[in-house]
Amino acid sequence: MKSIPSSPKVSVIMCFLNTEPYLAEAIESVLQQTCRLWELILIDDGSTDNSTTIARDYAERHADHIRYFEHPHHVNRGLSASRNLGLAHSRGEFIAFLDADDVWLPGMLAAQLHLIQEHHVALICEASEYWYDWTDKSHQNEIVPVGSRQNQVFSPPQLLIDLYPLGPGAAPCVCGILARKAVIEKHGGFEDSFTGMYEDQAFLIKFYLHEEIFISAGCHNRYRQRQDSLVQSSMSSGSYAQHRHHFLLWLHRYLATTPAQADRVLPYLAKALLPYQPTLFYFATSVVPKRLHRLWQGLRLRLLGRH
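Here the structure is a predicted model, which is why all the values come from computation and not from measurement.

### Regarding the sheet that holds strand S12 (residues 221-224)
The strands that make up a sheet are held in pairs by hydrogen bonds between backbone atoms, and each pair lies either parallel or antiparallel.
(1) Moving on: Taken together, the four strands give an open sheet; going across it, the order is S5-S12-S7-S8, and neighbouring strands pair in mixed fashion. Only two strands of the sheet have a single partner each, and these edge strands are strand S5 (103-104) and strand S8 (142-144).
(2) Moving on: One ladder, built from three bridges, connects strand S7 (residues 128-131) with S12; its direction is parallel. Opposite Trp131, over in S12, you have Arg224 as the bridge partner.

### Some remarks on the sheet that holds strand S6 (residues 123-126)
(1) Moving on: Within the open sheet, the eight strands sit side by side as S3-S2-S1-S4-S10-S6-S11-S9. Their pairing is mixed. This sheet does not close on itself; its edge strands, each paired only once, are strand S3 (66-70) and strand S9 (152-154). Strand-to-strand twist of the sheet, defined as the mean angle between neighbouring strand axes without regard to direction, takes the value 25 degrees.
(2) Moving on: In terms of strand pairing, strand S1 (residues 10-16) meets strand S2 (residues 38-44) through seven bridges, oriented parallel. Bridge pairing links Val10 to Trp38 in S2.
(3) Moving on: Packing against the sheet, helix H4 (residues 108-119) makes contact with S1, S2, strand S4 (94-97), S6, S9, strand S10 (177-180) and strand S11 (213-216), and its axis sits at approximately 45 degrees to S10.

### Topic: the pattern of salt bridges
Between side chains of opposite charge, a pair can form when the charged atoms approach closely.
(1) Moving on: This model, assessed by the stated rule, comprises 15 salt bridges.
(2) Moving on: The closest approach of N and O atoms between Glu199 and Arg83, which form a salt bridge, is 2.5 Å. One end of the pair, Glu199, is in helix H7 (residues 199-210); the other, Arg83, is in helix H3 (residues 79-89), with 116 residues separating them in the sequence. The pair formed by Glu199 and Arg83 is uniform in burial state, with each residue classed as buried.
(3) Moving on: With a shortest N-O distance of 3.0 Å, Arg149 and Asp162 are connected by a salt bridge. Of this pair, Arg149 sits in the loop between S8 and S9 while Asp162 sits in helix H5 (residues 158-162), and the two are 13 residues apart along the sequence.
(4) Moving on: With relative accessibility at 21%, the residue Asp162 sits in the partly exposed group.
(5) Moving on: Residues joined by salt bridges that share partners form a network here, namely Lys9, Glu93 and Arg180.

### Concerning the pairing of S6
(1) Moving on: Residues Leu123 and Cys125 point to one face of S6 and Ile124 and Glu126 to the other, with burial holding for every one of them.
(2) Moving on: Summarising the sheet, S6 and S10 pair through three bridges and their orientation is antiparallel. If you follow Ile124 over to S10, its bridge partner there is Leu178.
(3) Moving on: The pairing of S6 with S11 spans four bridges and is classified as parallel. Bridge assignment links Glu126 to a residue of S11, and that residue is Ser216.

### Concerning the pairing of S7
(1) Moving on: Of the two faces of S7, both are covered, the one formed by Ser128 and Tyr130 as well as the one formed by Glu129 and Trp131.
(2) Moving on: Bridging between S7 and S8 involves three bridges; their strand directions are antiparallel. Note on S8: the bridge partner recorded for Ser128 is Val144.

### Points about the side chain of Gln261
(1) Moving on: Tracing the chain through its elements places Gln261 in helix H10 (residues 259-273).
(2) Moving on: We classify Gln261 as buried; its relative accessible area is 18%.
(3) Moving on: What Gln261 contacts, discounting residues up to four positions off in sequence, is Pro156, Pro157 and Leu209.

### A few points about unusual backbone geometry
(1) Moving on: The omega torsion of the bond from Pro156 to Pro157 falls at 0 degrees, within 30 degrees of zero and hence cis.
(2) Moving on: Here Pro157 shows up in the loop between S9 and H5.
(3) Moving on: Between Tyr164 and the following residue, Pro165, the backbone shows a cis peptide bond with an omega angle of 20 degrees.
(4) Moving on: Summarising the element assignment, Pro165 is placed in the loop between H5 and S10.
(5) Moving on: One non-glycine residue, His73, lies in positive phi territory at about 65 degrees.
(6) Moving on: Residue placement: His73 occurs in the loop between S3 and H3.

### Focus on the packing of helix H1 (residues 23-31) against helix H2 (residues 51-61)
(1) Moving on: Where H1 meets H2, the closest approach of the two axes is 10 Å, and the angle between their N-to-C directions is 20 degrees. It follows that H1 is roughly parallel to H2 by the angle criterion. For the pair H1 and H2, the sense of crossing is right-handed. Contacts between H1 and H2 involve Leu23, Ala24, Ile27, Glu28 and Leu31 from the first element and Ser51, Ile54, Ala55 and Tyr58 from the second.

Rules and cut-offs
Residues numbered from 1 in each chain as written. Predicted model: local features only at pLDDT ≥ 70, side-chain atom pairs only at ≥ 80, totals over all residues. Heavy atoms only, no water. Pairing = 2+ DSSP bridges. Helix = DSSP H or I, 4+ residues; strand = E, 2+ residues; numbered from the N terminus. Axes fitted to C-alpha atoms, helices over the stretch in contact; angles between N-to-C directions. Contact = heavy atoms within 4.5 Å. Salt bridge = Lys/Arg side-chain N within 4 Å of Asp/Glu carboxyl O. Buried < 20%, exposed > 50% of the residue type's maximum accessible area, 1.4 Å probe, protein only. Parallel < 35°, antiparallel > 145°, perpendicular 65-115°, else oblique. Left-handed = near helix turned anticlockwise from the far one by under 90°.

Structure follows, in structure tokens:
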């Protein structure tokens, strides 16, 4: 592969923790990009398996393109701190993220670079292929678009209302986005208090509230579905609700710093917080109105049937 300039166009940040079975495949998918103007920053978040050896080997064999970093004393600090470490060492005008168990198709960076420069936005988000057949050939993969409206620019704070975790639309996967580094730095990068779950959502919220974003119907990434993934583990352990509550409380505090957008978002946040309120309050504000509505609808139908 040809050498890249000392200031690459895109810095790709890949954080990993004990991902030995997948790491090489993820790195190879970056090496196979048709766009060559990139650097790959590997962040070791305290791995204890052979991932460290694999990452160091790639960094040595592709020294012009790949660099390896870890936290002091090889400690585990979580995804947010690891991505911030990658950002601190990045040299590109644009930032992309690829988790160590996901992969890109060869045209990923070329397609997203074209879009972000064509539309002059802060962030590009594309659809993701939910990748099941890597382990189960009988389970068909599914391409999941971001939200519902495709190939258009959204102004703040519309996507915060439209997309998970406050809205019904699918949120972008971190392996399907490209962002301007200057904008990431302007908004403070990732929140260190999120060591795993919701760290990507806290990051995206800052863009939803302040920046224009282009949603693309294209799909050049594969999001590996694993039973032992962070999301699946939190579901099976019963800790998902706790992580979600932590995120919603953080969002409530963050909205206080953006009063211009808060008025539109707060009703949706209040609804999301209802299940975490005291039982009587939740019953009075959510369950009772729904039951009264059903009773009224039934009474109305009976009255109409008499005429």
